[in-house]
Structure formats: structure tokens, C-alpha cells
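# Coordinate analysis (summary)
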Amino acid sequence: PKPRVVVVGGGYAGAAAAKYLKLWGGNAVDVVVVEPSSQFVSCPLSNLVLGGSKTIDDLTFSYAALKKNHDLQWVRDSVVAIDTEHKKLILGRSDFGYDKLILAPGVDFIYDALPGLESDAARKQVPHAWKAGEQTVNLRRQLESMPDDGVFVMSIPKAPYRCPPGPYERVCQVAFYFKQHKPKARIIVLDANPEIVSKKALFTKAWADLYPGMIEYRPNSVVVEVDVAGHTLMTEFDSIKGDVLNVIPPQRAGIPAQLAQANNIDKRWCEVDFLTYESMVVPHVHIIGDAVSAALPKSAHMATSQARVCANAVLAALTEQPIDTSPVFANTCYSYVSDHMAMHVANVYRYNQAKKIMLSAEGGGVSDAPSELEADYARYWAQNIWSDVLT
Ligand code: FAD
């Protein structure tokens, strides 16, 4: 029988890994994908749903072409346990063995440190909208029904979290919506970090230039409790009332990585060998995407880059070929500051033999200023990555 590689998660990392395993491995391997969702919903560009220039349908795609083009076995289910010793995966409705396991589970939210948000009902009233889909639509509806002079309060967790510039792009998008429809509304940003985590100067300037007087930014503001009924977020010293609350909880590697006990860094992230993405603590289990340690930024671009290196290394191991010992890849993150202007941060990462990590090379950086041209680039970037992972 052919070796079986099971990929858990059909998000950016998992979909790309499955595709390249078959593209490069052909008939030498069977590839099985386990994914509970019937459709792919893109987090990139989902802040534009809050701004009103995209709908969630624009960002929702079928898996049909990916499955068909690459002859993938697809199991629509969730992993509920992993027996790494016997190389066995237990799903909700079935179980099966693997020769190699690739976990691409994205992030899991840590609600333990957020009393008040224990129940599903509370999490609906105070959405995270940090996994695109229902939660995004829910937050958009809340913004639409907010009083015209209302206050939107958003909280950002301490880094590392999924998509470093994402929260600040969200502030721009909500401000863009308010500017058109509720110019008297205000935004309060409670950031657990000491300063804006990504593209600081660019975001600060964009807020001041495009949305003057609308945004109040408070650094070092860790939310410690949520009073859902009272519409209030509590930090250590303050309570901040708002009409619409958006709490982005702290994050850790998705549940399948926890089930495999591969989240060995602070019980949150997975330490991997950057040549293979094999876990440093659980043999034959590879981890890619947002679940990987904070050494690399948690982006969709990064997730697909890691997926290709991992797919290549897994195939090399199965066919006893040498692996690539000097991987190089890039990462670009665009942020839209309105419906038609965007800016970027971009870096090239190379494997450093001495440190055994991916290091960003000289010459990376950020835009001089947001522009319409970069909004075109951002749109093409999205079309390209969707076509890469979904066809
Ligand atoms: P995901 O894409 O989340 O995929 C994980 C998959 O695992 C999911 O499909 C899930 O259903 C599945 N899964 C979970 N649990 C189980 C289980 N038990 N069993 C089976 N399957 C399971 N990145 C960029 O590069 N550019 C951007 O412009 C950008 N903008 C963003 C804006 C926002 C608002 C947000 C929130 C994120 C943004 N990102 C962006 C980041 C990007 O979305 C993530 O880095 C990317 O999705 C990570 O890919 P992943 O495959 O690791 O995780």
C-alpha cells in the first residue's frame, strides 16, 4: 500500500500542503484531508466586511476544485483525539491510521483569562470575529444597529496572535464605515501591547489623516473581565463602556495540536524543525500555519509558504530523498485603510544554518504611504493565494 499522509485542517496551510503533496508526490502517496467546514472562508479581507466594501459571500469558496484537481480524499469531520504512539487519528465519526501527520489547525482562543465570556451566548454578544464567517457577519450587524453617536470598543491581545497588523486594519475599516454612515460615532482601542504591533507609523498617520478625532488608542490595556450585560470591558485600572464590544482573545495553537501535545512552547505554540516542520517533541507529526511558534508571523502567506516546505520534506522522507537544507520564502501582509487604499509589510525569510531558524533578510520593509496602487496589489495578492490554495 502507498504511504498515507493525513492533513488536519483545510485552511490556508492545510489546503496548500495537501495540494503540493499530490502535485509533487503524484501517485506515490495517498493524501487525506480532515476538515469540518463545508466551505473555505477567508480571514484575509474579512475586515472589509466590517467596512462594508465586501460581503462574506465574496470571501466564501467551495473546496470542490481543489479536491477534484488533486485527487484528494476528503473527510468532513473534526479530530477529537490523536494517538501519536500508534499513529492513529480519532475523528467524530471514524478513525484511521497515518504514516505522516500534518496538523494545520490554525488558532484556538484562550477564554480562561476573560471571565464573563464563558457562555456561547456571551461570545455571540461580544464577538471576536477573528475566524471569518458567522462572527464577522454578527459584528457587522452590531455596527449597523449601533446608535449614530455610539462607541465601538475593541481589545487586542498581547502578541503573538494571528495576523499582527489585522486589528489595526480593523480599526481603519470600522472608522471607514462610521465616517460614511455614523460620523459622530467613536472608537476606543484597548491594546494589551505597549504600542501598535505592526506598521505603527503608517497606521498612526492613516488614523489621524483619514479619521481625525474618531479613534482613541490606549496601549498597555489588558482586558481582565467582560461585563456583557453592562456593555463594559474591565482592564486592571479602568472600566470602558461601549455600545458594541469586540474582544479578540489571546490565542494558542488549534485543538488538534493540543491533542497531539505538540504545543510545547508555554502550552501555546508548537516548536518545529524549520527544515521539515516536524514537531520537536512528537515524532512523525508536522505542524504548519498559525499553530507554529512565534518565530514567524502568523499570516496566510506564511502558512502557504510553510506548507510547501513541509510537503516537500514529507515527500522526501517517504521516498528517502534528501531534503532542501536552505529554504527561502517571502511574506507580505497588506492592510486596507479604506475601501480603495492599502499599504504593506513584506519580508524575505532564509534558513539560518547556525541558528536553525528562518531569519528575515535585509531589505524587507513597509510602504511609504497607503495608495490606490497598493489596494490593487492587495486584491491581486488575495486572488492569487485563493487560486493557489483552492484549485
Ligand atoms: P486556518 O486558515 O484558520 O485553518 C485552520 C483549519 O483547521 C480550519 O479550516 C479549521 O476548520 C480546521 N480545524 C480546526 N480544528 C479542527 C479539528 N479539530 N479537526 C479538523 N480540522 C480542524 N493573513 C495574510 O497573509 N494576509 C492578510 O491580509 C490577512 N488578514 C487577516 C485579517 C483578519 C481579520 C484575520 C483574523 C486574519 C488575517 N490573516 C491574514 C491571517 C490568516 O487568516 C491566518 O494566518 C491563516 O488563516 C492561517 O492559516 P492556517 O491554515 O494556519 O489556519
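Residues numbered from 1 in each chain as written. Predicted model: local features only at pLDDT ≥ 70, side-chain atom pairs only at ≥ 80, totals over all residues.

## Considerations on the pairing of strand 17 (residues 244-247)
Stated precisely, the cut-off is as follows: With C-beta atoms placed from the backbone, a residue counts as buried when 20 or more other C-beta atoms lie within 10 Å of its own, as exposed when 12 or fewer do, and as partly exposed for counts between those limits. Each helix is a run of DSSP H or I of at least 4 residues and each strand a run of E of at least 2, with the numbering of both proceeding from the N terminus. Strands pair, by our definition, only if DSSP identifies at least two bridges between them.
Burial along strand 17 is two-sided: Val 244 and Asn 246 facing one way and Leu 245 and Val 247 facing the other are all buried. Relative to strand 17, strand 11 (residues 151-156) is paired through 4 bridges, and the arrangement is parallel. Each residue of the ladder has a partner; that of Ser 155, found in strand 17, is Val 247.

## Examining helix 9 (residues 300-318)
Within an α-helix, residues lying three or four positions from one another point in the same direction, as the helix has 3.6 residues per turn. As a reminder of what qualifies: Expected helix span is taken as 1.5 Å per residue step, with the number of steps being one fewer than the number of residues.
Taking 1.5 Å of rise per residue, 19 residues should cover 27 Å, and helix 9 covers 27 Å from first to last C-alpha, within 8% of that figure. In terms of burial, helix 9 is largely enclosed, as 16 of its 19 residues are buried. A positive phi of about 55 degrees marks Glu 320, the residue just after helix 9.

## Focus on the sheet that holds strand 6 (residues 79-83)
Heads up, the rule is: Only the contacting stretch of a helix is used when fitting its axis, a line to C-alpha atoms as for every element, and angles between N-to-C directions run 0 to 180 degrees.
Taken in spatial order, the 3 strands line up as 6-7-8 in an open sheet, and their pairing is antiparallel. At either end of the open sheet lies a strand with only one pairing partner, and these are strand 6 and strand 8 (95-97). Averaged over all pairs of adjacent strands, the angle between strand axes in this sheet comes to 20 degrees, irrespective of strand direction. Where strand 7 (residues 88-91) lies against strand 8, 3 bridges are found, and the strand directions are antiparallel. In the sheet register, Leu 89 faces strand 8, and the bridge partner there is Phe 96.

## Describing the environment of Leu 259
Looking at the secondary structure, you find Leu 259 in helix 8 (residues 255-259). Sequence-wise, Leu 259 and Gly 363 are 104 residues apart; in three dimensions their C-alpha atoms are separated by 39 Å.

## Digging into the sheet that holds strand 19 (residues 285-287)
Formally: Any pair of residues counts as being in contact when their C-beta atoms, constructed from backbone geometry, are within 7 Å of one another.
Strand order in the open sheet formed by 5 strands is 5-2-1-9-19, with parallel pairing between adjacent strands. Among the strands making up the open sheet, the edge pair consists of strand 5 (73-75) and strand 19. Strand-to-strand twist of the sheet, defined as the mean angle between neighbouring strand axes without regard to direction, takes the value 20 degrees. Taken together, the 4 bridges between strand 1 (residues 4-8) and strand 9 (residues 100-103) define a ladder with parallel strand orientation. When the sheet's bridge partners are listed, Val 6 is paired in strand 9 with Leu 101. Each of strand 1, strand 9 and strand 19 is contacted by helix 9, which is oriented at about 170 degrees to strand 9, the strand it contacts most.

## As for helix 1 (residues 12-25)
For helix 1, which comprises 14 residues, the first-to-last C-alpha distance of 20 Å matches the rise-based estimate of 20 Å (1.5 Å per residue) to within 8%. Burial within helix 1 is extensive, with 12 of its 14 residues counted as buried. Those residues of helix 1 that fall on the buried side of the exposure criterion are Tyr 12, Ala 13, Gly 14, Ala 15, Ala 16, Ala 17, Ala 18, Lys 19, Tyr 20, Leu 21, Lys 22 and Gly 25. Downstream of helix 1 by one or two residues, Gly 26 has phi in the positive range, about 50 degrees.

## With respect to the UniProt feature "domain: Flavocytochrome c sulphide dehydrogenase flavin-binding" (unreviewed entry) in the protein chain
For the record, the criterion: UniProt positions are given in the numbering used here, feature names are shortened, and annotations may be inferred rather than shown by experiment.
If you check UniProt for "domain: Flavocytochrome c sulphide dehydrogenase flavin-binding" (unreviewed entry), the listed places come out as residues 326-390 in our numbering. Taken end to end, residues 326-390 is 29% helix and 40% strand, and its two terminal C-alpha atoms sit 27 Å from one another.

## Some remarks on the site of the ligand
Threshold: As a rule, any residue with its backbone-derived C-beta atom within 6 Å of a molecule or strand is reported as near that molecule or strand. Throughout this entry, Asp, Glu, Lys and Arg are counted as charged residues, while Ala, Val, Leu, Ile, Met, Phe, Trp, Tyr, Cys and Pro are counted as nonpolar. The remaining residues, Gly among them, count as polar.
The immediate surroundings of the ligand are formed by 36 residues, with Gly 9, Gly 11, Cys 43, Gly 106 and Gly 289 found nearest. Elements supplying a minimum of two residues to the shell around the ligand: helix 1, helix 8, helix 9 and strand 20 (328-336). Its residues placed into classes, the shell around the ligand shows 18 nonpolar, 14 polar and 4 charged.

## Some points on unusual backbone geometry
Following Ala 159, the chain continues into Pro 160 via a peptide bond in cis, with omega recorded as 5 degrees. For Pro 160, the position within the fold is in the loop between strand 11 and helix 6 (166-181). Notably, Asp 266 is not glycine yet its phi reads approximately 50 degrees, a positive angle. Tracing the backbone through its elements, the reader meets Asp 266 in the loop between helix 8 and strand 19. Unusually for a residue other than glycine, Glu 320 sits at a positive phi of about 55 degrees. Checked against the element boundaries, Glu 320 lands in the loop between helix 9 and strand 20.

## A closer look at the UniProt feature "domain: FAD/NAD(P)-binding" (unreviewed entry) in the protein chain
Taking the UniProt record as the reference, the feature "domain: FAD/NAD(P)-binding" (unreviewed entry) is found at residues 4-119. Taken end to end, residues 4-119 has its terminal C-alpha atoms 39 Å apart, with 22% of it in helix and 33% in strand.

## A word on the pairing of strand 2 (residues 30-34)
Filter applied, for reference: Handedness is read with the strands pointing away from the viewer; a crossover is right-handed when the path from the first strand over the helix to the second is clockwise.
In terms of strand pairing, strand 1 meets strand 2 through 5 bridges, oriented parallel. Along strand 2, the bridge assignment pairs Val 8 with Val 34. Taken together, strand 1, helix 1 and strand 2 form a β-α-β motif whose crossover is right-handed. Bridging between strand 2 and strand 5 involves 3 bridges; their strand directions are parallel. The residue of strand 5 that forms the bridge with Val 32 is Gln 73.

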